[in-house]
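One-letter residues, chain by chain:
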Amino acid sequence: MSIPDELDDTRAPLLDHLIELRRRLLWCLLALGVTFAICLYFARPIFAFLVQPLVRAGQGRIVYTQIFEAFFVEVKVAFFSAAMLSFPVIANQIWQFVAPGLYKNERRAFLPFLIATPVLFLMGAALAYFVAVPMALHFLLGFQGNLGGIQQEALPSVGNYLTFIMQFLFGFGLAFLVPVLLMLLEQAGIVSRKQLVSFRRYAIVGNTAVAAVLSPPDIGSMIMLGVPLILLYELALVAMWFTERKRKKADESKALVES
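All figures in this text were calculated on a predicted structure; none of them were measured in a lab.

Analysis parameters
Residues numbered from 1 in each chain as written. Predicted model: local features only at pLDDT ≥ 70, side-chain atom pairs only at ≥ 80, totals over all residues. Heavy atoms only, no water. Helix = DSSP H or I, 4+ residues; strand = E, 2+ residues; numbered from the N terminus. Buried < 20%, exposed > 50% of the residue type's maximum accessible area, 1.4 Å probe, protein only. Contact = heavy atoms within 4.5 Å. Arc of directions from axis to C-beta. Polar contact = N/O pair within 3.5 Å; in protein donor to acceptor, adjacent residues only side chain to side chain. Patch = residues over 30% accessible without salt bridge, like charges linked within 9 Å, V, L, I, M, F, W, Y side chains within 5 Å. Areas by Shrake-Rupley, 256 points an atom, 1.4 Å probe, with all protein chains shown as cover. Salt bridge = Lys/Arg side-chain N within 4 Å of Asp/Glu carboxyl O. Core = buried A, V, L, I, M, F, W, Y, C linked by side-chain atoms within 4.5 Å. Phe/Tyr/Trp six-rings, centres within 6.5 Å; stacked < 30°, edge-to-face > 60°.

**Student:** Residue-level account of the overall build of the chain, with values.
**Tutor:** Scanning the chain for helices and strands turns up 12 helices and two strands. The order of helices and strands in the chain, counted from the N terminus, is α-α-α-α-α-α-α-β-β-α-α-α-α-α. Looking at the 259 residues of the chain, the share that counts as buried comes to 32%. For the chain, long-range pairs separated by at least 24 residues make up 84% of all intrachain contacts whose partners lie at least 6 apart in sequence.

**Student:** Describe helix H3 (residues 43-50), naming the residues involved and giving the relevant values.
**Tutor:** Ala 43, Phe 47 and Leu 50 are the residues of H3 that are buried. Buried residues of H3 fall within an arc of 50 degrees about the axis and therefore sit on the same side.

**Student:** Please give an account of the side chain of Gln 59 that cites residues and values.
**Tutor:** With respect to the helices and strands, the residue Gln 59 is situated in the loop between helix H4 (52-56) and helix H5 (69-85). Judged by its relative accessible area of 7%, Gln 59 is buried. Reaching out from Gln 59, the side chain makes a polar contact with the backbone oxygen of Arg 61 at a distance of 3.2 Å. Apart from the residues within four sequence positions on either side, Gln 59 is in contact with Leu 54, Leu 141, Gln 144, Ala 154, Leu 155 and Pro 156.

**Student:** Quick rundown of the environment of Gly 171? Include the residues and the values.
**Tutor:** Secondary-structure assignment places Gly 171 in helix H8 (residues 158-175). With a relative accessible area of 10%, Gly 171 lands in the buried category. Sequence separation of Gly 171 and Ala 211 is 40 residues, and the distance between their C-alpha atoms is 9.3 Å.

**Student:** Before we move on, could you go through the environment of Val 119 and cite the residues and values that matter?
**Tutor:** Position of Val 119 relative to the elements: it lies in helix H7 (residues 104-140). For the pair Val 119 and Gly 173, spaced 54 residues apart in the sequence, the C-alpha separation amounts to 9.5 Å.

**Student:** Give me the side chain of Thr 35: which residues, what numbers.
**Tutor:** Turning to its location among the elements, Thr 35 is positioned in helix H2 (residues 14-41). Look at Thr 35 and you get buried, because its relative accessible area is 15%. There is a polar contact of 2.8 Å between the side chain of Thr 35 and the backbone oxygen of Ala 31. Apart from the residues lying within four places of it in its own chain, the contact partners of Thr 35 are Ala 82, Leu 85 and Ser 86.

**Student:** Lay out a nonpolar patch on the surface with the relevant residues and their values.
**Tutor:** A cluster of nonpolar side chains, Leu 14, Leu 15, Leu 18, Ile 19, Leu 21 and Leu 25, forms an exposed patch at the surface whose accessible area comes to about 580 Å². The topology assignment puts Ile 19 in helix H2. We classify Ile 19 as partly exposed; its relative accessible area is 42%.

**Student:** Which residues make up the nonpolar core, and what are the values?
**Tutor:** Membership of the largest hydrophobic core comes to 45 residues, with the highest contact counts inside it found for Phe 47, Tyr 161, Phe 164, Ile 165, Phe 168 and Leu 169. Counting residues per element, the ones that place at least two in this core are H3, H5, H7, H8, helix H9 (178-187), helix H11 (200-214) and helix H12 (219-258). When residues no more than four places from it in sequence are discounted, the contact partners of Tyr 161 are Phe 47, Leu 50, Val 51, Pro 53, Leu 54, Ile 62 and Leu 137.

**Student:** Could you give me a rundown of the pattern of salt bridges, with the residues and numbers involved?
**Tutor:** All chains considered together, the criterion is met by four salt bridges. A salt bridge links Glu 74 to Arg 44; its shortest N-O distance comes to 3.2 Å. Residue Glu 74 is found in helix H5, and its partner Arg 44 is found in helix H3; the two are separated by 30 residues along the sequence. The class of Glu 74 is partly exposed, set by a relative accessible area of 22%. Via salt bridges that share partners, Glu 20, Arg 23 and Arg 24 belong to a single interconnected network.

**Student:** Outline the packing of aromatic side chains, listing residues and values.
**Tutor:** Here the structure, examined in full by the defined rule, presents 14 aromatic pairs. Taking 5.9 Å as the distance between ring centres and 15 degrees as the angle between the ring planes, the aromatic pair formed by Phe 168 and Phe 172 counts as stacked. A residue pair is termed a helical-turn pair when its members lie 3 or 4 positions apart in one helix, as Phe 168 and Phe 172 do in helix H8 at four residues. Under the relative-accessibility criterion, Phe 172 is labelled buried at 1%. Members of the aromatic cluster, connected to one another through ring pairs, are Phe 47, Tyr 161, Phe 164, Phe 168 and Phe 172.

Written out as structure tokens, the structure reads:
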């Protein structure tokens, strides 16, 4: 059985693939390095933006207890910011490396997922920053006050707070990629829409468990993450229904042409 012409033109020896992979990796590292240098210069303003939920929660002080802690926090802030800013370039390089090995219909199917990934991630991170983090801080800082004659006061360190907010941003951002993951699994033939529909009740329990792990131990934050996760699961099922209909119509049209 002959290989379709659209792949014949893109086949290359293993050495050529390795050279191409190295070139793509170098572009990724260059993009990450350039954005890291820029973000390191603006690390303090970026961290000032990240601490705004803490300020709005009424906390007017943040400390560092180790000599190098503040410096390493700025480095981490720069790295996280650079990873987000350089993602479009990295994703484009991955696409440029993978695309020649895909059929034309596979390229058309995969490209929307590549575009949707940063959009959904930013939506999840925005929900965390503007809603979930303030709710969590309101709950956690509520333990301050008089404790048997001793004043209990929260003095968060810069390193501890950075870990706290990054856990929220990345946790919510990755959680919002559920539709992309499910649709990719469906496109690959690993799961079907009918299987996911029958698995719905277990998915609800699983999403609730994920929300409980990623959010602080207050019911408001758990609901804030759990409800969007369930809705995104249902959104993925609806999107699969449309793609199934589209594929069915395409197959029927092809059968009519061949007959």
